[in-house]
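# Chains, contacts and geometry: an overview
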Amino acid sequence: MGNAKKSKPLLSLRFKTIITLIIVHSILISSLIFYTFAHFHHMVEDLTRDHYALISSSFAPLLAEALQNEDLESIRKYLSRLKDNPGIIYAAIFNSKNEILDKRSYSEFEKHFKHILAERENEISSASVSREIGHASGFFHREGHNFDFSIPVVRDQRYLGKIYLVVNTADINQRLARESIQGIKIIVGAILAGMLVIALIDRRLKKILTHLIAVTRNMAQGDLTEKVHISTGDEIETLGDSFNIMAEAIQERERIIEEHEHHLEEMVKERTLELAEERDKLQAILDHVPSAIVMVDRQLIIRMVNSKFESTVNRPANDCLGKHCCEAFCPCLDPQACQVRECLEDGEIKTHINHSMSDSYAEQHMEHLVVPLWREGKTYGALEIITDITEKYEMQRQLIRAEKLSTTGEFASFMAHEIRNSITSIKMILQLLRERVQETMHKDIAVAQDSISRMERLVTDLLNFARPAEIKMTHQNIHQLIEESVQLTHYQFPQKPIKVQLDFDPNISTVLIDRDSMEKVFINLFLNAVQAIPESGTVKITTSRHILDKNLYDYASLPSAENELSFPALIRKIVLKKDQPVVLIEISDTGEGIPRECISKIFDPFFTMKTNGTGLGLSLAKRIVNAHSGIITVRSEKDRGSTFSIYLPLKEAA
Ligand SMILES: Nc1ncnc2c1ncn2[C@@H]1O[C@H](COP(=O)(O)OP(=O)(O)OP(=O)(O)O)[C@@H](O)[C@H]1O
Ligand SMILES: [Mg+2]
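All values reported here derive from a predicted model rather than from experimental measurement.

Procedures and definitions
- Residues numbered from 1 in each chain as written.
- Chains lettered and ligands numbered in written order.
- Predicted model: local features only at pLDDT ≥ 70, side-chain atom pairs only at ≥ 80, totals over all residues.
- Heavy atoms only, no water.
- Near = heavy atom within 4 Å.
- Polar contact = N/O pair within 3.5 Å; in protein donor to acceptor, adjacent residues only side chain to side chain.
- Helix = DSSP H or I, 4+ residues; strand = E, 2+ residues; numbered from the N terminus.
- Nonpolar A, V, L, I, M, F, W, Y, C, P; charged D, E, K, R; others polar.
- Buried < 20%, exposed > 50% of the residue type's maximum accessible area, 1.4 Å probe, protein only.
- Pairing = 2+ DSSP bridges.
- Axes fitted to C-alpha atoms, helices over the stretch in contact; angles between N-to-C directions.
- Contact = heavy atoms within 4.5 Å.
- Patch = residues over 30% accessible without salt bridge, like charges linked within 9 Å, V, L, I, M, F, W, Y side chains within 5 Å.
- Areas by Shrake-Rupley, 256 points an atom, 1.4 Å probe, with all protein chains shown as cover.
- Salt bridge = Lys/Arg side-chain N within 4 Å of Asp/Glu carboxyl O.
- Lys, Arg positive; Asp, Glu negative; His and termini not counted.
- Charge placed at Lys NZ, Arg CZ, Asp CG, Glu CD.
- Parallel < 35°, antiparallel > 145°, perpendicular 65-115°, else oblique.
- Left-handed = near helix turned anticlockwise from the far one by under 90°.
- Expected span 1.5 Å × (residues − 1).
- Arc of directions from axis to C-beta.
- UniProt positions renumbered as here; feature names shortened; annotations may be inferred.

### A look at the site of ligand 1
Every one of the 19 residues lining ligand 1 counts as a neighbour, but Thr-608, Met-609, Lys-610, Thr-614 and Leu-618 are closest to it. Gly-615 places a polar main-chain atom, nitrogen or oxygen, 3.1 Å from an oxygen atom of ligand 1. For the shell around ligand 1, the elements supplying multiple residues, two or more each, are helix 15 (515-532), helix 16 (617-627) and strand 18 (641-649). Take the shell around ligand 1: its biggest share by element is three residues, from helix 15. Residue composition of the shell around ligand 1, grouped by class: nine nonpolar, eight polar and two charged.

### Things to note about the pairing of strand 5 (residues 292-297)
Burial analysis of strand 5 places five of its six residues in the buried class, the great majority of the element. Where strand 5 meets strand 9 (residues 378-388), six bridges bridge the pair, whose relative direction is antiparallel. Directly across from Met-295, in strand 9, lies its bridge partner Leu-383. Direction of pairing for strand 5 relative to strand 6 (residues 302-305): antiparallel, over a ladder of three bridges. Within strand 6, the position partnered with Val-296 by the bridge is Ile-302. Linking strand 5 back to strand 6 in an antiparallel pair, the connection comprises four residues, with Leu-300 at a positive phi of about 65°.

### Comments concerning the sheet that holds strand 17 (residues 631-637)
An order of 11-13-16-18-17 is seen for the five strands of this open sheet, with the pairing classed as mixed. With partners counted over all chains shown, the strands left at the sheet margins are strand 11 (498-503) and strand 17, one partner each. Averaged over all neighbouring strand pairs, the angle between strand axes comes to 15°, with direction disregarded. Relative to strand 18, strand 16 (residues 581-589) runs antiparallel, the two being bridged by seven bridges. Within strand 18, the position partnered with Ile-587 by the bridge is Phe-644. Lying over the sheet, helix 14 (residues 478-490) contacts strand 11, strand 13 (537-547), strand 16 and strand 18, oriented at roughly 175° with respect to strand 11. Its contacts with the sheet place helix 16 against strand 17 and strand 18, and it is angled at close to 140° to strand 17.

### A short note on a positive patch on the surface
The grouping of Arg-203, Arg-204, Lys-206 and Lys-207 at the surface amounts to a positive patch. Within the element layout of this structure, Arg-203 appears in helix 6 (residues 170-220). Classification of Arg-203 by relative accessible area gives exposed; the value is 63%.

### Considering the packing of helix 12 (residues 390-436) against helix 13 (residues 442-466)
It is at 8 Å that the axes of helix 12 and helix 13 come closest, and there the two elements cross at 155°. On the basis of their axis angle, the class for helix 12 and helix 13 is roughly antiparallel. For the pair helix 12 and helix 13, the sense of crossing is left-handed.

### What about helix 13?
When the terminal C-alpha atoms of helix 13 are compared, their 36 Å separation across 25 residues agrees well with the 36 Å that a helix rising 1.5 Å per residue should span. All of the buried residues along helix 13 are His-442, Ile-445, Ile-452, Val-459, Leu-462, Leu-463, Phe-465 and Ala-466. Next to the buried residues of helix 13 lie helix 12 and helix 16.

### Re the environment of Lys-350
Relative to the helices and strands, Lys-350 resides in strand 7 (residues 350-357). Looking at Lys-350, the relative accessible area reads 13%, which means it is buried. Taking the C-alpha atoms as reference points, Lys-350 and Val-370, separated by 20 residues in sequence, lie 5.0 Å from one another. What Lys-350 contacts, discounting residues up to four positions off in sequence, is Gln-339, Glu-342, Cys-343, His-368, Leu-369 and Val-370.

### Quick word on helix 14
Each full turn of the α-helix corresponds to 3.6 residues, which orients residues three or four apart in the same direction. With 13 residues, helix 14 extends 18 Å between its outermost C-alpha atoms, agreeing within 8% with the 18 Å of an ideal straight helix rising 1.5 Å per residue. For helix 14, every residue scored as buried is listed here: Ile-478, His-479, Leu-481, Ile-482, Ser-485, Val-486 and Thr-489. Projected onto a plane normal to the axis of helix 14, the buried residues spread over an arc of 160° and lie on a single side. Where helix 14 begins, the capping side chain belongs to Asn-477, and its oxygen is found 3.1 Å from the backbone nitrogen of His-479.

### Looking at a negative patch on the surface
The grouping of Glu-254, Glu-258, Glu-261, Glu-265, Glu-266 and Glu-270 at the surface amounts to a negative patch. Position of Glu-258 among the secondary structure elements: in helix 7 (residues 235-288). Given the relative accessible area of 56%, Glu-258 is considered exposed.

### Some remarks on the UniProt feature "transmembrane region" (unreviewed entry) in the chain
Those residues carrying the UniProt feature "transmembrane region" (unreviewed entry) are residues 18-38 and 183-201 in this numbering. Structurally, residues 183-201 is divided into 100% helix and 0% strand, and its ends, taken at the C-alpha atoms, are 26 Å apart.

### Comments concerning unusual backbone geometry
A positive phi angle, near 65°, is found at Leu-300, a position not held by glycine. Counting through the fold element by element, Leu-300 comes out in the loop between strand 5 and strand 6. In this structure, Asp-639 takes a positive phi of about 65° despite not being glycine. By the element assignment, Asp-639 lies in the loop between strand 17 and strand 18. According to the relative accessible area criterion, Asp-639 is exposed, its value standing at 58%.

### Section: the sheet that holds strand 8 (residues 363-375)
Ordered in space as 6-5-9-8-7, the five strands form an open sheet in which the pairing is antiparallel. Single-partner strands in this sheet number two, and they are strand 6 and strand 7. This sheet shows a mean twist of 20° between the axes of neighbouring strands, independent of strand direction. Here eight bridges tie strand 7 to strand 8, and the two strands are oriented antiparallel to one another. Note on strand 8: the bridge partner recorded for Ile-353 is Glu-367. Sheet contacts for helix 11 (residues 339-346): strand 5, strand 7, strand 8 and strand 9; angle to strand 9, the most-contacted strand, approximately 145°.

### Some words on the pattern of salt bridges
Applying the stated rule across the entire model yields 13 salt bridges. One salt bridge in this structure joins Lys-427 and Glu-456, with 3.0 Å as the shortest N-O distance. On the criterion of sequence distance, the pair formed by Lys-427 in helix 12 and Glu-456 in helix 13 is long-range, its members being 29 residues apart. On the basis of relative accessible area, Lys-427 is assigned to the partly exposed category, the value being 36%. Taking the relative accessible area as the measure of exposure, Glu-456 reaches 25% and is therefore partly exposed. Between Lys-622 and Asp-554 there is a salt bridge, with its nearest N and O atoms 3.3 Å apart.

Pasting the structure below:
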């Protein structure tokens, strides 16, 4: 990665520079020493020979004279004078025929090299005449710092002879060695000075590099305020200046980026606030819609539900969120027929009503509205709006029921009036006839009178139904009332082996009710229970005090105020709220039960499944219970029996 820490280099720049300088230095000095020592020897030889040739030649005119005249005395003088020249250790004078005229040894030299000298002199004697200065032979080198050479003596272009000289260079060599040592000292001094200079340069370089490294590290950590301070007046100073320019450029860029960032942050904050506001608004709308709202994406995954979801669908939201809608909701028998899928595919709004019934025969009616969500001409999801329309549905049914009541009630009351008038006449005629006919006819007239009485009761029932009696609420012992109602009814079925169980809550003393009306309710329910039992069975009546664990509601048709006989003008909603104390009276039997499809109809007036029933019993019972602000419900199971529950709001006796 870009920021990965690099390992330290194997050789630092400093080390490399010093090593390079030392190598260059060493090569230069070694070359110098090698050159000096290689040429030193020849140089000494040449210089010495030239020196002595010069010395000898200074005496040449004098020697030429002496050689021309073969003046041995002058030659001897000449050789004596040569003695004054330090370094000459042997000299010999040859004539033009290369014969030795005289010779002189100036040191012990001759003793030690006598035979070699003789050989050399012979060589010179036998050699052809040379006018050149003889080359140094180097003959004596191995024996010491001696060497020889000959110098020709020439006058007027005539060869007169030559001088043979052996020279000792020990002194010169010593002097040169001394000089060399001096030179070496100077070189060593130069090397040391050079090294010192290198060390100083290195120190300076190290300081600059350390400074540069420190500044760049700080830069890397974000501190761009520090500057590079180098004043070497060379490229390194330029490098330092470039660093500073670069830092300033980065600083400027950072400032611009910071400004942009700040600006962006402000914009993001603003947008976030706006979005939060919008979201809150939307959430408030969604949460206050009295329907469950479910949002699914194109893959039918549930992405969002509103707060009403749990209470409407009766499922925890977390059970469904993130799941496929088929998995979450329906055991989708045919997933292809799913309306959400259809809506996503064709982009059209779909709607349907789902009717269901709980195990306790409570009906539920749910309206499903599926709306597509569009983006860039394509559906990206759908909103399913689920509304519980059970109340609406119930109300509609109640209205229909009320309408039916209105027409049939009016007709029934009219007919009852007319029939009652006729019945009264027939009753009077029968009474008159009884007085006038023979006693044998009295039995037949009694049967006719009984039938007329039953007809009169039916008509009274019809009239009672059509024109409900006024409710007068008083505190009544409800247990006593139930017992009396059971007794009144029970004697009608002496032949049926029906077991009646009464299970009363002793904590319930009196309840605020209209005694006569409630008696009708108990009689009707008990009668129905007994009639539902085919041969033998049990009817159980229980009372208990309850605190409701959920809201209960019902719709009641109220008679119109203007015309008692034509009702209903009003539909009243009766609600028993959660936590409300109620008296619960349950009448259950082990009878044949009510078919599922009839459950919703049994409280309708004139609905009956009996051949001699009027279908008014339950309708009347419901109306009376509703008039007490109570609710009556039923649960039933085919062939196992039914249970009617009456919830009366509890208003304790004052
Ligand atoms: N306990 C019950 N068991 C089974 N079915 C019942 C029960 N109570 C009522 N029903 C059914 O409900 C219908 C309506 O009852 P309702 O009391 O309103 O009228 P009815 O009993 O038929 O006539 P009436 O009450 O005038 O004699 C009955 O015909 C019956 O089929
Ligand atoms: Mg009945």
